[in-house]
Amino acid sequence: MTSRPDARALIVRVLDAHSWKPWDEPPLDRAAPGSQYAEELAAARAATGYDEAVITGEGTLDGRRVAVVACEFSFLAGSIGVAATERLVRAVERATAEGLPLLAAPASGGTRMQEGALAFAQMVKITVAVTRHRDAGLPYVVYLRHPTTGGVFASWGSLGHVTAAEPGALIGFLGPRVYESLYGYPFPEDVQVAENLYAHGLVDAVVSAEDAREIAIRALAVLCAPRRGLVRGPEPEDAGEPAEAWEAIMRSRRDDRPGVRSLLKLGADDVTPLNGTGTGEHEPGLMLALARFGAAPAVVLGQDRRRQRAGAPLGPAGLRVARRGMRLASELGLPLVTVIDTAGAALSKAAEEGGLAAEIARSLADLVMLDAPTVCLLLGEGAGGAALALLPADRVVCAQHGWLSPLPPEGASAILYRTVDFAPEIARSQGVRAADLLRDGIVDRIVPERPDAAYEPEAFCRRVARTLEYEIIGLLDTPAPERLAARLERYRSLGS
Ligand SMILES: CC(C)(COP(=O)(O)OP(=O)(O)OC[C@H]1O[C@@H](n2cnc3c(N)ncnc32)[C@H](O)[C@@H]1OP(=O)(O)O)[C@@H](O)C(=O)NCCC(=O)NCCSC(=O)CC(=O)O
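Labelled according to an unreviewed UniProt entry, the protein appears under the name Acetyl-CoA carboxylase, originating from Planotetraspora phitsanulokensis.

Enquirer: I'd like a description of the packing of helix α3 (residues 82-97) against helix α4 (residues 116-135), backed by residues and values.
Expert: The contact between α3 and α4 brings their axes to 9 Å, and the two run at 5°. Considered as vectors, α3 and α4 are oriented roughly parallel to each other. Contacts between α3 and α4 involve Val-82, Thr-85, Glu-86, Leu-88, Val-89, Val-92, Ala-95 and Thr-96 from the first element and Leu-118, Gln-122, Lys-125, Ile-126, Ala-129, Val-130, Arg-132 and His-133 from the second. Looking at side-chain class alone, the contact of α3 with α4 contains nine nonpolar, four polar and three charged residues.

Enquirer: Break down unusual backbone geometry for me, with residues and values.
Expert: Cis peptide bonds are those with omega within 30 degrees of zero, and the linkage from His-146 to Pro-147 qualifies with -20°. Note that Pro-147 resides in the loop between β5 (140-144) and α5 (150-153). Positioned with a positive phi, Asp-62 is a non-glycine residue whose angle comes to about 55°. At Leu-76, a residue that is not glycine, the phi angle is positive and equals roughly 45°. Here Leu-76 lies in the loop between β3 (64-71) and α3. Given the relative accessible area of 21%, Leu-76 is considered partly exposed.

Enquirer: Could you give an account of the site of the ligand, naming the residues involved and the relevant values?
Expert: The environment of the ligand is formed by 19 residues, the closest being Gly-109, Thr-111, Gly-151, Gly-175 and Arg-177. Backbone polar atom of Gly-151 to an oxygen atom of the ligand: 2.7 Å apart, as the coordinates give it. Starting from 980 Å² of accessible surface for the ligand in isolation, the protein chains cover 62%. More than half of the atoms of the ligand fall within 2 Å of the grid points belonging to the largest pocket. Classifying every residue of the shell around the ligand by side-chain character gives eight nonpolar, nine polar and two charged.

Enquirer: Would you mind going over the sheet that holds strand β2 (residues 54-61) in detail, with residue names and values included?
Expert: Read across the sheet, seven strands follow the order β1-β2-β3-β4-β5-β6-β7 without closing on themselves; strand pairing throughout is mixed. One side of each edge strand has no neighbouring strand; the edge strands of this open sheet are β1 (21-22) and β7 (205-206). Strand direction decides the pairing type here: β3 and strand β4 (residues 102-105), joined by four bridges, are parallel. Counterpart to Val-69 in the pairing with β4 is Ala-104.

Enquirer: Describe the nonpolar core, with residues and values.
Expert: Core analysis: the largest hydrophobic core is formed by 75 residues, its most contacted members being Leu-61, Leu-223 and Leu-290. Tallying contributions element by element places helix α8 (residues 209-223) first for this core, with nine residues. In this structure Leu-290 touches Val-162, Ala-219, Val-222, Leu-223, Asp-270, Val-271, Thr-272, Leu-274, Ala-298, Val-299, Leu-328 and Leu-334, once residues within four positions along its chain are discounted. Formed by 32 residues, the second largest nonpolar core is a distinct cluster that contains Ile-80, Val-89, Leu-102 and Met-123.

Enquirer: Any details on empty space enclosed by the protein? Residues and values, ideally.
Expert: All chains considered together, the criterion is met by one cavity of 30 Å³ or more. For the largest cavity, the calculated volume is near 190 Å³. Around the largest cavity, the lining comprises 15 residues; the ones closest to its centre are Val-14, Leu-103, Ala-104, Tyr-143 and Ala-212. When contributions to the lining of the largest cavity are tallied by element, the ones reaching two or more residues are α1 (7-14), β4, β5 and α8. Its residues assigned to classes, the lining of the largest cavity comprises 15 nonpolar, no polar and no charged.

Each value, and the rule that gives it
Residues numbered from 1 in each chain as written. Predicted model: local features only at pLDDT ≥ 70, side-chain atom pairs only at ≥ 80, totals over all residues. Heavy atoms only, no water. Axes fitted to C-alpha atoms, helices over the stretch in contact; angles between N-to-C directions. Helix = DSSP H or I, 4+ residues; strand = E, 2+ residues; numbered from the N terminus. Parallel < 35°, antiparallel > 145°, perpendicular 65-115°, else oblique. Contact = heavy atoms within 4.5 Å. Nonpolar A, V, L, I, M, F, W, Y, C, P; charged D, E, K, R; others polar. Buried < 20%, exposed > 50% of the residue type's maximum accessible area, 1.4 Å probe, protein only. Near = heavy atom within 4 Å. Polar contact = N/O pair within 3.5 Å; in protein donor to acceptor, adjacent residues only side chain to side chain. Areas by Shrake-Rupley, 256 points an atom, 1.4 Å probe, with all protein chains shown as cover. 1 Å grid on protein atoms, 1.4 Å probe; cavity = no way out; pocket = protein on both sides within 12 Å on 5 of 7 lines; lining within 4 Å. Sits in = over half its atoms within 2 Å of the grid points. Pairing = 2+ DSSP bridges. Core = buried A, V, L, I, M, F, W, Y, C linked by side-chain atoms within 4.5 Å. Points joined across faces, edges and corners; volume = space filled by probe spheres on them.

Written as C-alpha cells, this is what we have:
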C-alpha cells in the first residue's frame, strides 16, 4: 500500500496543480496560557507545521471551483475543538454563500479531549453548517481517511451525498484502543475498516487519493451539471409493429438482453455507482448511480435483473436504497431515472418481516410526490410490487418488449386456474405490452427494438439514452409546480 498523504499532500493530489488557495486565519486558542494544553498545541505546531487540526480553502478540480475542508491527523489526532470548528464552519458557510461544491476529508480521533464538553457540542454547529449547505442544493462529497472516529464520523463524516473511503482506513465510532481499555478485550479487528463499511453499504467506494480525484470529478460533473438551457434534440422515433404479448415476455427474459448496467455502460457518461442505504444495508439487485445521458444529468436507480436472478432478489433493503436515490434527486434538484427490470420482489420470510410491502408503499409514495423531474424506463420485465414501486413518474418510457403486470403471468394463471399453463393467454388479456400500456396512459413513449434489444445492445442502449435525454430536458424546461400537478393529475385520472 502506498503511504497515506497528510492533509496538504492529499489536497495536492486531488486538486488541479497550483490551484489551492487557503482560507484559514490564525486560530483563536482556548488553551489557558501556560497550561499543559497550551504546551501541547505549541508542540503540535512545531512538530507538524500545521496551526490547527483542520485546514480549509478552495481550488479547482478539473477546472471547476470547489471548497475543501480537511483534517490533519498528526496535529493532536485531527481532533476537533472550538477553534478547529470555527475554521470548518466558516469554510462551509463561505462555500454555501459562494455556491461552491464542498469536498471534506476527515481523519480524526473525534472530539478534542482537552476541550471536553464544549468541544463535543461543536459537532452540532458543524452539522448545521453542512445541512444548510445541502439544503441550498449544493453537493457535499466526503472522503473518509485513516483514522476517522467519534464525533467526526458521527457528524460531518457521515453526511455526504457521495462518500468514499481510503483503502484499509480505520473508520469507526469508538476507537478500538479506547474500547479495549474500557472493556478489557479487543474490538473485532475487521469491523472498523473501510472495506467492511463498503460491504455494509455505508460508503460508496473504497479508493486511493488519486482515484478519489477521478471519482470527485465524475460525481461533480453530474451533481453540478446545468439544469437550465439544455438543448433538446429531435423527438425520438416511434416503435413499429407491437409484438405479441407472450413473445415480448419471452424476449424480455433472454439472458443476453441488455440490463441497467449495459445501459449505463453503453448509453451514459460520467457514471458514479453509489452503494447501499448508508444505514447498514445494500442490495446488488438495485443499482444506484449518478450518470449523464447526453447533456442530461440524473440519479439513476435501476433494477438489475441479472443480479436479482443470481441471488439478490429485490427486498426491503433494495427499496431503501431506491429511496436514498429519491432523496438525493430531491435535495439536489437532479432528475431521477428509475429503471424497471424485475421478475418480482423477494418472496421470503426475511423480506416479509423486513417490511417489503411497507417499503413498496413508501417508495411509491416518495416517488409519486417527488419534487424532482422523474422518468421511468420499463426496460424489460415489470412484474409486481417491485415494479410498481419505481413506476410513477412524469414520463414513462417503455422498451418495445418491456411489459408491466401485477405479477408474472404465470402467477396470474395460477390465481385464476390453479396452473401456470395459461400464462400466454393471461398475458394477452391483461394488457401488459408496451402498446397496451401506451393506449392506457401508463406509458408515454415506446423505444423501438430492431427487432430485439438482445440483437443490437449498443444501438438499443444509445437509443434509450437519447430518449431519456430528450424526456429529461423537456421536464427540466417545465416549471416544478406545473410538472408535479400534471403528474398527480395523470395518476388521478388513470383509467377514468
Ligand atoms: C484514532 C485512533 C484510533 C488512532 O490511533 P493511533 O494508534 O493511530 O494513534 P494514537 O492513539 O497514538 O493517537 C495519537 C495521539 O492523539 C491523541 N488523541 C487521540 N484521539 C484524541 C482526541 N480525541 N483528543 C485528543 N487527543 C487525541 C492520542 O492520545 C495520542 O497522543 P500522544 O501521541 O500524545 O500519545 C485512537 O487515537 C483513538 O482511538 N482515539 C479515540 C477515538 C474515539 O473514541 N473518539 C471518541 C472521542 S468522543 C467524540 O468524539 C464524541 C462522540 O463520540 O460523539
